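# Structural overview
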Amino acid sequence: MVNHWVRAHFEAGTAVFHEGDLGRDAYLIERGEIHIVIDRGTERRLIATLREGEMFGEIALIDQMPRTASALAAVDTTLIPISRDLILDKLRHSDPLLSHLLEVAVSRFRNTLSGHNPLSEGASLGDESLRHLRQYAVNQLHMAQNLSDALANDELLLHYQPVVHLEDGRLAGFEALIRWNRPDRGFISPLGFIGVAEETGLIVPIGRWVVRTALADLVRFQAAMRARRPDARLFMSVNLSARQLQEPGEVPELIDCVLASGVDPASVKLEVTESALIDHPEQAASWLHEFKRHGLLLAIDDFGTGYSSLSYLGQFPFDTLKIDQSFVATMREKEPSLRITRAIAGLARDLEMDCIAEGVEHPTDLPTLRAIGCEFGQGYHFAKPLNAEQALDYIARKG
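Model, not experiment: these values are computed from the prediction.

Conventions adopted
- Residues numbered from 1 in each chain as written.
- Predicted model: local features only at pLDDT ≥ 70, side-chain atom pairs only at ≥ 80, totals over all residues.
- Heavy atoms only, no water.
- 1 Å grid on protein atoms, 1.4 Å probe; cavity = no way out; pocket = protein on both sides within 12 Å on 5 of 7 lines; lining within 4 Å.
- Points joined across faces, edges and corners; volume = space filled by probe spheres on them.
- Helix = DSSP H or I, 4+ residues; strand = E, 2+ residues; numbered from the N terminus.
- Nonpolar A, V, L, I, M, F, W, Y, C, P; charged D, E, K, R; others polar.
- Axes fitted to C-alpha atoms, helices over the stretch in contact; angles between N-to-C directions.
- Parallel < 35°, antiparallel > 145°, perpendicular 65-115°, else oblique.
- Left-handed = near helix turned anticlockwise from the far one by under 90°.
- Contact = heavy atoms within 4.5 Å.
- Buried < 20%, exposed > 50% of the residue type's maximum accessible area, 1.4 Å probe, protein only.
- Lys, Arg positive; Asp, Glu negative; His and termini not counted.
- Salt bridge = Lys/Arg side-chain N within 4 Å of Asp/Glu carboxyl O.

## Overview of the layout of surface pockets
Over the atoms, a rolling probe the size of a water molecule traces out where space has been left empty. When its volume is computed, the second largest pocket comes out at roughly 1,100 Å³. What lines the second largest pocket is a set of 37 residues, and nearest its centre among them are Glu 175, Leu 177, Pro 190, Asn 239 and Asp 301. Elements represented by at least two residues in the lining of the second largest pocket include exactly strand S10 (171-182), helix H5 (194-200), helix H6 (203-228), helix H7 (242-246), strand S13 (268-273) and strand S14 (297-303). The element best represented in the lining of the second largest pocket is S10, accounting for five residues. Each residue belonging to the lining of the second largest pocket can be placed in one class, and the counts come to 15 nonpolar, 13 polar and nine charged.

The following block contains the structure:
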């Protein structure tokens, strides 16, 4: 996948694009100033001055028509390009009605111009809700640029949460959890950036990086584990997003990453949420079966939290059900949570799947989980997520 988020720098007086050019990118001004001008014979007319946080060049991306004006850097300027491929990709993943309405609106806008540019009238956002929407879009673009930089500059890292056998506490494997250590802000929770990664498509290269990094560390973890118990096996769980399952060519790429890592594919467990299966279930089923054909394990994460359908368990080749921590955390106080936890564990057993309880934080949870037939657990009772060196130390102490 092409990296759409590479800053562009223009010296004062240089052109970003000329009137009549075919639009390839829209631009967000990160720093500097842009003059939008039109040339009529020997006369040059300034129709807009744009500064930090403003966007330009977007219309030609949508209808693929020539530029109606030129854009010049008034001072040394830094821009965040937004490529046509990204725009078209986002339209492909949007509601078809929304795409159609956008095309109609752009066409009517072109027709209304009739030779003059509305920026000369002093364009205004007007409505307060539109100003909020504009600020949201600008914030998302900045976050996407910073996240792209983070991937290039090795600011992303993985922590690993141990998964243990509930019967005797033996280490069974790890779940890889992504973290972002921004130099200016410190550690950022995945909740603060995964949504942006999904929306912009950055989740695809990031997801590929996660697989490569996690499996490289798994090689080290398995070697450390064999040094303690030659017959022991460790698995590595990695989360997959819906976008990764929908991106053309990405599933074969991920399979190649696994095969190139040197680990046994049967020690790699890919986790997907129920929501990731909703929009394109047939396509998802095809790719999940492809993973299985190459020997990988599959887990359905957060089962029962929002999109539950028993048909998924027959349609998709899962090996593991994960009980969401919201049920585990409340099963001691709330009888319905206990019943749901017991039902999920029983369902897994009847379908010949194993079962992992998430969010195990109290030792009093263990007898209950063992009694209902849940084989594995993860949570703060066993360990918080650990960096790679801490995980190796955990193996040395607990393996």
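From this point, the narrative continues.
## Describing the packing of H6 against helix H14 (residues 388-398)
Contact pair H6 / H14: the axes reach a minimum separation of 9 Å and the direction vectors enclose 15°. With respect to H14, the axis of H6 lies roughly parallel. Two packed elements cross with a definite hand, and for H6 against H14 that hand is right-handed. On H14, the residues touching Asp 217, Arg 220, Phe 221, Ala 224, Met 225 and Arg 228 of H6 are Ala 388, Glu 389, Ala 391, Leu 392, Ile 395, Ala 396 and Arg 397. Split by residue class, the contact of H6 with H14 holds eight nonpolar, no polar and five charged.

## What about the side chain of Asp 301?
Secondary-structure assignment places Asp 301 in strand S14. One buried charged residue, Asp 301, remains without a salt bridge, the closest side chain of opposite sign being Lys 322 at 4.4 Å. Those residues within four positions of Asp 301 in sequence are excluded, and the remaining contacts are Asn 239, Glu 271, Val 272, Thr 273, Glu 274, Lys 322 and Glu 358.

## Describing the pattern of salt bridges
In total, this model carries 23 salt bridges according to the counting rule given. A salt bridge links Arg 51 to Glu 33; its shortest N-O distance comes to 3.3 Å. Here Arg 51, found in strand S5 (residues 43-51), pairs with Glu 33, found in strand S4 (residues 33-40); they are 18 residues apart in sequence, far enough to count as distant. Under the relative-accessibility criterion, Arg 51 is labelled partly exposed at 46%. The partner of Arg 44 in a salt bridge is Asp 39, with the nearest N and O atoms 2.9 Å apart. Residues joined in a network through salt bridges with shared partners are Glu 175, Glu 271, Lys 322 and Glu 358.

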